[in-house]
Amino acid sequence: NLSIKLVPYLIGNEKEELQPLIIGYDELNAKILDQNNILFQTGFETINKKVFEIYTNPLLAKIDLQDRNDFITLLNGIANFQGYCLNSGFYKNVSSLKEDQFRDKLIQHLAANPQIGGNAIKESHVAGGRVEIAFKGHIAELKVETTISDRAKLMRKFSSQAVAYASGNGKSTSIVCILDLTEKLKPPSSPANNIILKSPSTHGFEDVQTDNHIQVFIFI
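Residues numbered from 1 in each chain as written. Predicted model: local features only at pLDDT ≥ 70, side-chain atom pairs only at ≥ 80, totals over all residues. Heavy atoms only, no water.

A.B. asks: How do you make sense of the packing of aromatic side chains when you look at a structure like this?
C.D. replies: The geometry of an aromatic ring pair is captured by two quantities: the separation of the ring centres and the angle between the planes. Applying the stated criterion across every chain yields a total of eight aromatic pairs. Relative to F102, the ring of F81 has its centre 6.3 Å away and its plane inclined at 40°; by these criteria the two rings are tilted. Taken together, the residues span a long stretch of sequence, with F81 in helix α3 (residues 65-88) and F102 in helix α4 (residues 99-111) at a distance of 21 residues. Positioned above the aromatic ring of Y55, the side-chain terminus of R68 is 5.2 Å from the ring centre. Geometry around F219 places R151 over its ring, the cationic atom sitting 4.4 Å from the centre. (Phe/Tyr/Trp six-rings, centres within 6.5 Å; stacked < 30°, edge-to-face > 60°. Helix = DSSP H or I, 4+ residues; strand = E, 2+ residues; numbered from the N terminus. Lys NZ or Arg CZ within 6 Å of the ring centre and 35° of its normal.)

Here is the structure:
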């Protein structure tokens, strides 16, 4: 942490030193972030940069530091799974899969992550529904999609449920992880392009830009 404080004063020949009143901010507080911090190390360089970019986004600045770190730890673990699947072609020849099977594989992967381990909980019940994965109160909703590939349509389709679950946990952040099993007619985009930060609208604030919820979509 750095703190730079402005202390002005006026001097003159044979004059008494004067310390004027400052109107506005007189101190700059800053924090140095290292991109090599374990929070941003997913094991895949291009994905590391995306996770760091999300962490430093102004939308997350208003969140309590420990809460933000826990959220990024979960995001990091799922992003590592994304990179692993793409690198190994794990779901390459799969055209159909139950969401429970997808969830169990991801839970297994997260449990092997020393930063998460047994803190990843499956099938917790929040806000009248079943959450796929929870980590220290932060939730990740999992979906398997076989018909729609358009990212914008999928984000509209799957946003609200995760927001409701996160709000039920008293959190303003959520993750939606979508396994895309649609037929691939074109080459895939960069994995970093398949991690998207959004600020969805919530009930009662449809026409107000409150930025009161932060959501990350990860497409695999």
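A.B. asks: Got a minute to help me understand the nonpolar core in this structure?
C.D. replies: One recurring pattern in soluble globular proteins: nonpolar side chains tend to sit buried together. Ranked by internal contacts, the top residues of the largest apolar core, which has 39 residues, are I72, I78, F102 and I220. Secondary structure elements with two or more residues in this core: α1 (45-55), α2 (58-61), α3, α4, β4 (129-135), β5 (138-145), β6 (173-180) and β8 (214-219). The element best represented in this core is α3, accounting for eight residues. If you look at the next biggest cluster of nonpolar residues, it comprises twelve residues, including I139, M155, A166 and F219. (Core = buried A, V, L, I, M, F, W, Y, C linked by side-chain atoms within 4.5 Å. Buried < 20%, exposed > 50% of the residue type's maximum accessible area, 1.4 Å probe, protein only.)

A.B. asks: What am I meant to see in the packing of α1 against α3 here?
C.D. replies: The relative placement of two packed helices is expressed as an angle between their axes plus a distance between the axes. The interhelical angle for the contact between α1 and α3, taken along N-to-C directions, is 155°, at an axis separation of 10 Å. Put simply, α1 runs roughly antiparallel to α3. Along this stretch, α1 crosses α3, giving a crossing that reads as right-handed. Across from I47, V51, I54 and Y55 in α1, the residues of α3 making contact are L65, R68, N69, I72, L75, A79, Q82 and G83. (Axes fitted to C-alpha atoms, helices over the stretch in contact; angles between N-to-C directions. Parallel < 35°, antiparallel > 145°, perpendicular 65-115°, else oblique. Left-handed = near helix turned anticlockwise from the far one by under 90°. Contact = heavy atoms within 4.5 Å.)

A.B. asks: It is not clear to me how the environment of Q41 should be interpreted in this structure. Could you clarify?
C.D. replies: As for its placement among the helices and strands, Q41 is situated in the loop between β2 (27-30) and α1. The residues contacting Q41, other than those within four sequence positions of it, are Q35, N36, N48 and N76.

A.B. asks: I'm lost on unusual backbone geometry in this one. Help?
C.D. replies: If a residue is not glycine, its phi is most likely negative; likewise, a peptide bond is most likely trans. Its identity is not glycine, yet E14 carries a phi of approximately 55°, on the positive side. Along the chain, E14 turns up in the loop between β1 (2-5) and β2. Taking relative accessible area as the criterion, E14 reaches 84% and is therefore assigned exposed. At K136, a residue that is not glycine, the phi angle is positive and equals roughly 50°. Residue classification places K136 among the partly exposed positions, given a relative accessible area of 46%.

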